[in-house]
Amino acid sequence: MPNLDSCYALLGLSRGASQEELRDAFHRVAKQLYTDPSGPDTTARLQTIAEAYSRLEVASSGQDSAVSPGPSPRWLWRLCGHISSALACGGVRLLGDGTVELCLQEDEALTGGVATLSFDTDIVCRRCSATPGAGCERCAGTGRERERVSFWLSIPARVANGTVLHPSVEPLKLAKPISFIVRVSRTR
């Protein structure tokens with residue numbers, strides 16, 4: 001992770017920004033990732049700005065050192081990356097109704113944090129969304145196209161089992177909205 005000055009630059013802020021300014025800048029930059037055409041590196045870029053935000057948020061509250069090389073304690077790495085990775089390590093489960101179940105351990109639920117997930121899904125075709133037709137080479141006239149989307153979720157400290165979370169940034173024109181629900185398991 002870059003130093004704090006790089007984190008401020010990434011979010012377009014100067015040192016001394018308030019918690020509210022940090023949050024607003026993060027939302028603005030994250031939203032830009034979804035309004036600009038997304039590419040294969042969207043998840044990596046989202047994780048980078050989320051880590052910068054998390055690091056600055058902790059540092060501005062006096063809990064982190066400016067020279068700390070590691071990730072902030074609020075970053076839930078187990079719940080980040082492509083959904084297939086999170087499925088493989090037991091961080092998430094897909095329910096039959098399309099809901100994504102976030103499988104938090106007790107300590108993760110107690111401290112909260114930030115998670116990002118990406119996956120491939122159908123979205124409304126960006127080129128012919130108003131009038132789908134056979135002439136669209138992007139979707140072959142179906143009105144839908146496959147795209148990798150990324151969500152970042154802010155998981156509050158002391159989150160309760162069964163809490164429904166909504167992504168902090170909604171991707172554009174998903175064919176079906178995604179719901180996230182928290183399941184807390186006891187640490188053994």
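1. Some details on unusual backbone geometry
- A positive phi angle, near 60°, is found at Arg-158, a position not held by glycine.
- When you line up the elements, Arg-158 lands in the loop between strand 5 (144-155) and strand 6 (164-165).
- Here Arg-158 falls in the exposed class, since its relative accessible area comes to 66%.

2. Brief notes about the pairing of strand 7 (residues 180-185)
- Alignment of strand 3 (residues 100-105) against strand 7, held across six bridges, turns out to be parallel. Its bridge partner being in strand 7, Leu-104 is matched across the sheet by Val-184.
- Relative to strand 7, strand 6 runs antiparallel, the two sharing two bridges. Across the sheet, Val-164 pairs through a bridge with Ile-181, a residue of strand 7.

3. Examining the sheet that holds strand 4 (residues 113-124)
- With mixed pairing, the three strands of this open sheet are ordered in space as 1-4-5. Each edge of the sheet is formed by a strand with only one pairing partner; in this case those strands are strand 1 (81-82) and strand 5.
- Summarising the sheet, strand 4 and strand 5 pair through twelve bridges and their orientation is antiparallel. If you follow Val-124 over to strand 5, its bridge partner there is Arg-144.

4. Quick word on the pairing of strand 3
- Of all six residues in strand 3, five are buried, a share of seventy percent or more.
- Of the pairings in the sheet, the one linking strand 2 (residues 92-94) to strand 3 comprises three bridges and is antiparallel in character. Residue Leu-94 lies in a different strand from strand 3, and its bridge partner there is Val-100.
- Between strand 2 and strand 3, which pair antiparallel one after the other, the connecting turn spans five residues, and Gly-98 there sits at a positive phi close to 95°.

5. Considerations on the sheet that holds strand 7
- Read from one edge of the open sheet, four strands run 2-3-7-6, paired in mixed fashion. Looking at which strands have only one partner, the edges of the open sheet turn out to be strand 2 and strand 6.

6. A short note on the pattern of salt bridges
- Counting across every chain of the model gives three salt bridges.
- Here Arg-15 and Asp-5 are joined by a salt bridge, their closest N and O atoms 2.8 Å apart. Within this pair, whereas Arg-15 is found in the loop between helix 1 (4-10) and helix 2 (19-35), its partner Asp-5 is found in helix 1, the two being separated by ten residues in sequence.
- A residue is classified by how much of its surface remains accessible, and Asp-5, at 43% relative accessible area, is partly exposed.
- Here Glu-101 and Arg-93 are joined by a salt bridge, their closest N and O atoms 2.6 Å apart.
- In this structure Arg-93 comes out as partly exposed when scored by relative accessible area, which is 46%.

7. Points about the nonpolar core
- Of all hydrophobic cores here, the largest spans 23 residues; its most connected members are Val-92, Leu-102, Leu-104, Ile-155 and Phe-180.
- Among the elements of the structure, helix 4 (83-88), strand 3, strand 4, strand 5 and strand 7 are those that each provide at least two residues to this core.
- With residues near it in sequence (within four places) discarded, Leu-102 still touches Gly-91, Val-92, Leu-117, Leu-153, Ile-155, Leu-165, Phe-180, Ile-181, Val-182 and Arg-183.

Procedures and definitions
Residues numbered from 1 in each chain as written. Predicted model: local features only at pLDDT ≥ 70, side-chain atom pairs only at ≥ 80, totals over all residues. Heavy atoms only, no water. Helix = DSSP H or I, 4+ residues; strand = E, 2+ residues; numbered from the N terminus. Buried < 20%, exposed > 50% of the residue type's maximum accessible area, 1.4 Å probe, protein only. Pairing = 2+ DSSP bridges. Salt bridge = Lys/Arg side-chain N within 4 Å of Asp/Glu carboxyl O. Core = buried A, V, L, I, M, F, W, Y, C linked by side-chain atoms within 4.5 Å. Contact = heavy atoms within 4.5 Å.

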